[in-house]
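Reading the structure
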Amino acid sequence: MTRKLSMIIGAVMMAVLASCSSGNFTIEGELTDAGTQNLRFVYASEGNITSQWIPAVGGRLTLEGNSKELTVVYVFTAQMKYLTHVAVKNGETIRLSGKISDPWHIKAEGSDINAEWTKFILAHAADFAAGATAKTDKAIEQYIKANPTSVVSTLLLTCDYSQITSDRAQTLLESIAEEARPASLLEPFASTIGENAMAMA
């Protein structure tokens, strides 16, 4: 009886711990040249926009957020200069590493989606840094064509494609498999991608 009770208590404790760990998401960062400053994190969740100032101390930072569905968290400097973005949902821990002075080489690790997204950004970092949108847009189009069942295709289109309001963007979105374009990633862009796109989600 004592052994059985111990097993039950152990199972309950594991369930509690699992519940706690999945109740939010965490983004940890080590930006070697950040020093001590506040960074801004912005993301959408359940129809609301959350904006948080998170202190980086000695370049290290930790954000605790909440989103049941996959969302994109955008990171900005204290001067509101864009740094990077990550895809995350409750229960995940994403780790950022790099330099504020070289934002297109900031790495995001902790999930397959972010690993693949980061791989693409790093491969085209020079073009992103130079603002060569014709080149980056073409690379994104080629990626979507080759990976229509990947959520990264939706992320690249909605977050990194420069012509999000174009008919071409609509066509690209329609070419992505339904399971790879969750509504949580499309809702923040409802005003730009249109009602038809939202109806597909």
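Below, the structure is looked at part by part. (Residues numbered from 1 in each chain as written. Predicted model: local features only at pLDDT ≥ 70, side-chain atom pairs only at ≥ 80, totals over all residues. Heavy atoms only, no water.)

1. A look at the packing of helix 2 (residues 112–123) against helix 5 (residues 151–160)
Direction vectors running N to C along helix 2 and helix 5 enclose 50°, while the axes themselves pass 10 Å from each other. Here helix 5 runs oblique to helix 2, going by the angle between their axes. Judged by the sense of rotation from one axis to the other, the crossing of helix 2 with helix 5 is right-handed. Residue-level contacts link Ile 113, Glu 116, Trp 117, Phe 120 and Ile 121 of helix 2 to Val 151, Val 152, Leu 155, Leu 156, Cys 159 and Asp 160 of helix 5. (Axes fitted to C-alpha atoms, helices over the stretch in contact; angles between N-to-C directions. Helix = DSSP H or I, 4+ residues; strand = E, 2+ residues; numbered from the N terminus. Parallel < 35°, antiparallel > 145°, perpendicular 65-115°, else oblique. Left-handed = near helix turned anticlockwise from the far one by under 90°. Contact = heavy atoms within 4.5 Å.)

2. Structural notes on the pairing of strand 5 (residues 71–76)
Walk down a regular strand and you will see the side chains alternate between the two sheet faces. Of all six residues that make up strand 5, five are buried, and the element is covered over most of its length. Bridge count for strand 2 (residues 37–45) against strand 5 is three bridges, and the pairing is antiparallel. Bridge pairing in strand 5 places Val 42 opposite Tyr 74. With six bridges connecting them, strand 5 and strand 6 (residues 82–88) associate as antiparallel partners. From the neighbouring strand, Tyr 74 faces strand 6, where its bridge partner is His 85. Here strand 5 folds back onto strand 6 in antiparallel fashion, the turn holding five residues, of which Met 80 has a positive phi close to 65°. (Buried < 20%, exposed > 50% of the residue type's maximum accessible area, 1.4 Å probe, protein only. Pairing = 2+ DSSP bridges.)

The values are spatial; any link to function lies outside them.
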